[in-house]
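Report on the structure
The chain contents come next:
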Amino acid sequence: MSNIFEDNGRVVDAPSDNFVYRLLPPSLWPYAQLARWDRPIGWQLLLWPCLWSAAMAAGVTADAGAFRPGQFIAHCLLFWLGAVAMRGAGCTYNDLVDHDIDNQVARTRSRPLPSGRVTRRQAKIFILLQALTGLAVLLCFNLFTIVLAISSLAIVAIYPFAKRFTDWPQFVLGLAFSWGALVGWAAVFGALSGPALLVYVAAVLWTIGYDTIYAHQDKEDDALIGVRSTARLFGDNTKPWLIGFYGVMLVLMAIAFRVAGLGWPAFAGLVVGGGMLFWQIFVLDIEDGDQCKRLFLANHHVGIAIFAGLVVSIFIG
């Protein structure tokens, strides 16, 4: 058992000092681990495109003299709750689909399903509870946004299988994880337009980049069991690919901000975030799994930098 668990039911690849283990009783730890509450980076990366889009939309309304601070704050809080709930549901679903694969990968063998601490039936009930929470959040928005958000579930359902039939599962993940870039804008305007679509494509490229770095942790195990990824596809050429992904991402974001008529703080935040991304490429060692994880986690700060610029732009743009 000592080879599987870090300590008292903690999974091997989760931080042992997370709030989950301090606040929740041990009987709930496996469910927190299924939802990845002990690893907030997932919902953070899911949330940032949504907040970018919401802040960009707020900047447009501010320029028109129609900015509603209360609505912006409420939307941000709802998007946060929805991101936590739906990321948790997605991870639980992914673990159900990957049950056998996770049992063959050292980093994932200690997760609740392969370790037997949660049954498949219990996991399915937990998915339902999280999905209902997400639905409750979604019903707070306009009809267009509700339909738009629900339509993303088709991509979410496909993603866990993507690693079995394509070398680009990170692209499929990007399509799903970036959907908030559309939802954040639609929640304000009840429709989509150019800036939201540009940010969506940019966020897809960002996701491919950071998840490629993340996937380099597992490439040896993936090769042994036949799991496909952009990390395996790009191999030693990962850095040039990342330069392309992040470069185009930043250009698309800049065009979106320009079309939306945002002020200089939005572009300043983008420059800071872009600097962080290219620093990641400069220092990246794809053979150092621990470093790949740290660089992946650093993308949360990229999200913060871009969002901060957008928020400042609302008021002094």
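Located above this text is the structure these notes cover.
Rules used throughout
Residues numbered from 1 in each chain as written. Predicted model: local features only at pLDDT ≥ 70, side-chain atom pairs only at ≥ 80, totals over all residues. Heavy atoms only, no water. Axes fitted to C-alpha atoms, helices over the stretch in contact; angles between N-to-C directions. Helix = DSSP H or I, 4+ residues; strand = E, 2+ residues; numbered from the N terminus. Parallel < 35°, antiparallel > 145°, perpendicular 65-115°, else oblique. Contact = heavy atoms within 4.5 Å. Nonpolar A, V, L, I, M, F, W, Y, C, P; charged D, E, K, R; others polar. Expected span 1.5 Å × (residues − 1). Phe/Tyr/Trp six-rings, centres within 6.5 Å; stacked < 30°, edge-to-face > 60°. Buried < 20%, exposed > 50% of the residue type's maximum accessible area, 1.4 Å probe, protein only.

Before going further, it helps to examine the packing of helix α3 (residues 41-63) against helix α15 (residues 238-260). Their axes nearest at 10 Å, the elements α3 and α15 cross at an angle of 25°. It follows from the interaxial angle that α3 and α15 lie roughly parallel. Only Met249, Met253, Ala256, Phe257 and Ala260 of α15 make contact with α3, whose side of the interface consists of Trp52, Met56 and Val60. When the residues that make up the contact of α3 with α15 are grouped by side-chain class, the tally is eight nonpolar, no polar and no charged.

Attention shifts here to α3. For α3, built from 23 residues, the straight-helix expectation of 33 Å at 1.5 Å per residue is met to within 8% by its first-to-last C-alpha distance of 33 Å. Count one or two residues on from α3 and you reach glycine 65, which has phi positive near 75°.

We now examine the packing of aromatic side chains. What the rule picks out here adds up to 22 aromatic pairs. Taking 5.4 Å as the distance between ring centres and 70° as the angle between the ring planes, the aromatic pair formed by tyrosine 31 and phenylalanine 126 counts as edge-to-face. Of this pair, tyrosine 31 sits in helix α2 (residues 29-34) while phenylalanine 126 sits in helix α7 (residues 120-138), and the two are 95 residues apart along the sequence. Accessibility expressed as a relative area gives 22% for tyrosine 31, which makes it partly exposed. The exposure class assigned to phenylalanine 126 is buried, which follows from its relative accessible area of 10%. Put simply, the rings of Trp48, Phe67, Phe72, Phe307 and Phe315 touch in pairs and so form one group of aromatic residues.

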